[in-house]
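Each chain is listed here by its residues.
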Amino acid sequence: MASNSIVIICDDEIIAKMLRVKLSTLREVDSIKIGYEKDAIFEIESNTPDVLILFSKSNNPDIFSFVKEIKPTAIEYNTLILLVSDELNEDFVLSGFDAGVDDFVSLKNSDGEILMRVILCMQKNELLKDILSKKKLLTELKVLQEDSGFYLKEYSAKVFANEIQNLQKYSQTAVFMAIAADIRCKTILTPSLLGSVIKNCTRNRDIIGFCGEDKYYVLLPKTSAQGCLQVYERIKKELNEGYSISVGACEIDTLSFEEIEKNVSKALLEALDLGNSIVVYDANEFTEPMNWLDSENSGQKNFKFFQAAFLKKLENVITPTFYQVQQIWEDRLFRTTIEHSSNESQSIFVLKSGEHESKFKITYPGFAKINIDIFHNFVGLLPKERISLDLNELDNAKLTELLVNFVKEYQSYIKD
């Protein structure tokens, strides 16, 4: 059997042969076979190719259903799928990645570029084989659980400490999480069920390990606190009604694993006490807590607490200030319509004059800061500005100042 092989799946014989000719100069490839779509799974099973090249026209609506059909077999035989199309666009590529395509190249690219995509796929294949080999060894040594691929609790602390040191060495952001079933459903939300949900809601590069007391540790590389909240929401959505979890989390910053673990454990206890909640410990505020609600928080930001504080700010500051500024400026901007709306996710103040529109939008990411986006939609002019404020910085005076500056800037554009 060939050590490096390629299978081209294409029902268009002319294009298939053309692709084989383009790839014939690759010294890294021992064999190149051509097959039809109906035989794709058979070709993968028979040839175990490093790369399966699949051709499709960009407007083919069925191609991604076909990819999903063959993807399990491709994974089983460690075969990467390279999709070649006559034309690529953003929506097509995004849909392809969602379906399981590993890489893309266009027929309009040069022969050199097409060859390079194939070579990159083969290199990725070798890397995956190496990873699988090491995982197999770790499983045999009882470091990884065979079914889930999670690190067993005897080795979790050492693994996470090492990974965090590597991330800190290269100044990469990451979030460390501890996840547990809430007390009320601990007997029905089993560790195996919770583990499978966590695995479905995280990325391949995320690291998951068992720890004591039916908890899971999860390390999310290249993730911020906001990204951690998104993972938490995905897990909640994946769980059936009647199940709930709580999460303690901390950005790794420059702290040691022991300090991070201590902070996360404390945050998890608070989250479990609240129930169905996430508490994020901000390492940057470890020595200088920010008084975003009150001094008792000691630098810990709880999403539920912040949400309640934001809703209070919405009721007492944002909505009244929007209304007051509208009343003041409606009589001064003669050809302008002023509209505003507010809800728990965003507040928008809009100025309209014909085709011209300007927006002042307030959103909050779920923690202690709020974002204010300002932009003007004028012909040839699309300035955009983002202002980030701590929640306790946003009062009537500050919001009025920002809104008035926004209105005056709009006024200078339309010369009203």
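Before any of the text, the structure's been laid out above.
Our subject in this report is the structure included herewith.

Conventions adopted
Residues numbered from 1 in each chain as written. Predicted model: local features only at pLDDT ≥ 70, side-chain atom pairs only at ≥ 80, totals over all residues. Heavy atoms only, no water. Helix = DSSP H or I, 4+ residues; strand = E, 2+ residues; numbered from the N terminus. Buried < 20%, exposed > 50% of the residue type's maximum accessible area, 1.4 Å probe, protein only. Contact = heavy atoms within 4.5 Å. Phe/Tyr/Trp six-rings, centres within 6.5 Å; stacked < 30°, edge-to-face > 60°. Pairing = 2+ DSSP bridges. Axes fitted to C-alpha atoms, helices over the stretch in contact; angles between N-to-C directions. Arc of directions from axis to C-beta.

Mapped onto the elements of the fold, serine 5 is located in strand β1 (residues 5-9). Overall, serine 5 belongs to the buried group, its relative accessible area being 3%. The contact partners of serine 5, leaving out residues within four places of it in the chain, are Ser31, Asn47, Thr48, Pro49, Asp50 and Val51.

Let's shift gears to the packing of aromatic side chains. All told, the structure shown has 14 aromatic pairs when counted by the stated rule. Aromatic side chains phenylalanine 64 and phenylalanine 92 sit 5.0 Å apart centroid to centroid with 50° between the ring planes, which places their arrangement in the tilted category. Placement of phenylalanine 64 in helix α3 (residues 63-76) and of phenylalanine 92 in helix α4 (residues 90-99) is noted, with a sequence separation of 28 residues between them. Like phenylalanine 64, the residue phenylalanine 92 is buried in the burial classification. Ring pairing ties together the aromatic residues Phe64, Phe92, Phe97 and Phe104, which thus form one cluster.

Attention now goes to the sheet that holds strand β2 (residues 31-35). Spatial ordering of the open sheet is given by β2-β1-β3-β4-β5, a layout of five strands whose pairing is parallel. In this open sheet, the two strands that pair with only one neighbour each are β2 and β5 (103-106). If you compare each strand with its neighbour and ignore which way they point, the axes differ by 25° on average. Along the sheet, helix α2 (residues 40-47) makes contact with β1, β2 and β3 (51-56), crossing β1 at roughly 170°.

Our focus in this paragraph is helix α7 (residues 191-200). Burial in α7 covers these residues: Leu194, Gly195, Val197 and Ile198. Along the long axis of α7, the arc covered by the buried residues comes to 165°, so they all point the same way. Exposed side chains of α7 directed beyond 90 degrees from the buried face belong to Ser192 and Asn200. Summarising the contacts, the buried residues of α7 are in contact with β6 (174-181), β7 (207-211), β8 (215-221), α8 (225-238) and β9 (245-251).

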